[in-house]
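Examining the three-dimensional arrangement
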There are 2 protein chains.
Amino acid sequence: MPRWEPDARARLAEAALHLFEEQGYDATTVEDIARRAGLTKRTFFRYFTDKREVLFGGVYPEGFVDEAVLSAPQSAGPLAAASRGLGALASNIDGQGATAARRIRIVRASPELWERQLIKFTFLAEALVKALRSRGVDEQSAVLAAESGIIALRVATDRWIRGVEGASLRELLEESVEELRAIASSPS
Amino acid sequence: MPRWEPDARARLAEAALHLFEEQGYDATTVEDIARRAGLTKRTFFRYFTDKREVLFGGVYPEGFVDEAVLSAPQSAGPLAAASRGLGALASNIDGQGATAARRIRIVRASPELWERQLIKFTFLAEALVKALRSRGVDEQSAVLAAESGIIALRVATDRWIRGVEGASLRELLEESVEELRAIASSPS
């Protein structure tokens, strides 16, 4: 069916998400995905290295995260600058709509996939730390700001994928950062 | 050598740490460890399930962490209560002396071991969240306080294993929590 080929990537991704939701990630093979998309395994492997790639490919392009941190106003403290970067990421995910939430829900439900996500967060943290360091933030403050910002994003994401609030991920991230600020100023 | 048997665990652990430092974790076999300790592989497996267990066994007994969170003064906010729990853990590690720092250094240097450590942190976070929840802290604040406390512990541990400051892990944890508070109150 050559006239469908331009859509192959999206069709494969949609077929994969549908099957992961329906029968679970572990039980789904690349063959199942290709069959459901009406394509061949060979075509699948033209777009993705394996079935995990459907969930992780291209979700975290770190380039624009750095840029957002660097373009924060000079007066912004380390947490505010980190939050800018994470806000750019959240907006990017918001822009992917419901598909992104479905993908994250699948990752969250599988210990193996979640483990991989945690490793991706460490790369994200490294990118944030590097960007904060170029703003003149000392190493230790940069690590604390980057990592605590990522926690705020994780908490926001958990709320977002439950979908109860009708809010965007970016709005929930901002709330979550505010809550982190409140906790950190709570009595010691 | 039956008169040495009561020391077998400590001798095996010491032999393992020595070899991990000298030739690397990956290159060291259980056989190497047993030989260096003057014991058999069979004896090794009486004390440890595998070589990774030498590094992770018994490092995080979570029971006393919970207790310390629960016994924090009623006036303590979520971050302060979480820090109490983590402070108890830090004191426990301080009590293990130089061996603990050597162990952590080896874990930090290996991506595979560090990945496992990250998973152990998620168990620690769950224990802290549960304890904070029983203090009446809401779910989201509990997660933010537990996870950001663990980040403060990680930053403190990185400084501690460099050993440059001559401070205890507990002291460095307290400094790190203070720094987190400062960052969270920095301009937005």
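Now for a quick tour of the structure. All values derive from a computational prediction rather than experimental measurement. Positions within a chain are numbered from 1, following the residues in the order the chain's sequence is written. Naming scheme: in the order in which they are written, chains are lettered from A and ligands are numbered from 1. pLDDT decides what is reported in this predicted model: residues at 70 or higher carry local features, side-chain atom pairs at 80 or more are listed and counted, and totals for whole chains, interfaces and linings draw on all residues regardless. With hydrogens and water stripped out, all remaining heavy atoms of the structure feed into the side-chain values.

**Some remarks on the relation of the copies chain A and chain B**
Selection criterion: Least squares is used to superpose the copies, and the fit set is the C-alpha atoms of residues whose pLDDT is at least 70 in both copies. Here, residues are in contact when the closest pair of their heavy atoms is within 4.5 Å.
Least-squares fitting of chain A to chain B yields an RMSD of 0.0 Å, with the transformation described by 0.0 Å of translation along the axis and a rotation of 180°. When the rotation and shift are considered jointly, the pair of chain copies conforms to a two-fold rotation axis. Distance from the rotation axis, computed per C-alpha, reaches its smallest value in chain A at Ser-148 of chain A: 2.8 Å. Most of the interface of chain A is mirrored in chain B: 100% of its interface residues are interface residues there too.

**A short note on the packing of aromatic side chains**
The relative placement of two aromatic rings is captured by the distance of their centres and the angle of their planes. Residues and elements named next belong to chain A. Put simply, the rule reads: Any pair of Phe, Tyr and Trp rings, taking the six-membered ring for Trp, is counted once the centres come within 6.5 Å. Such a pair is stacked with planes under 30 degrees apart, edge-to-face with planes over 60 apart, and tilted for the rest. Type-normalised accessible area, obtained with a 1.4 Å probe on protein chains alone, sets the label of each residue: buried when under 20%, exposed when over 50%, and partly exposed for intermediate values.
Under the counting rule described, the total for this entry stands at eight aromatic pairs over all chains. Measuring from ring centre to ring centre gives 5.0 Å for Phe-20 and Tyr-25, while their planes differ by 65°; the resulting arrangement is edge-to-face. Assessed through its relative accessible area of 4%, Phe-20 is described here as buried. Measuring from centroid to centroid gives 5.3 Å for Phe-44 and Phe-48, while their planes differ by 40°, and the two rings are tilted. On the accessibility criterion, Phe-44 (0% relative accessible area) is buried. An aromatic cluster is present here, built from Phe-44, Phe-45 and Phe-48 joined pairwise through their rings.

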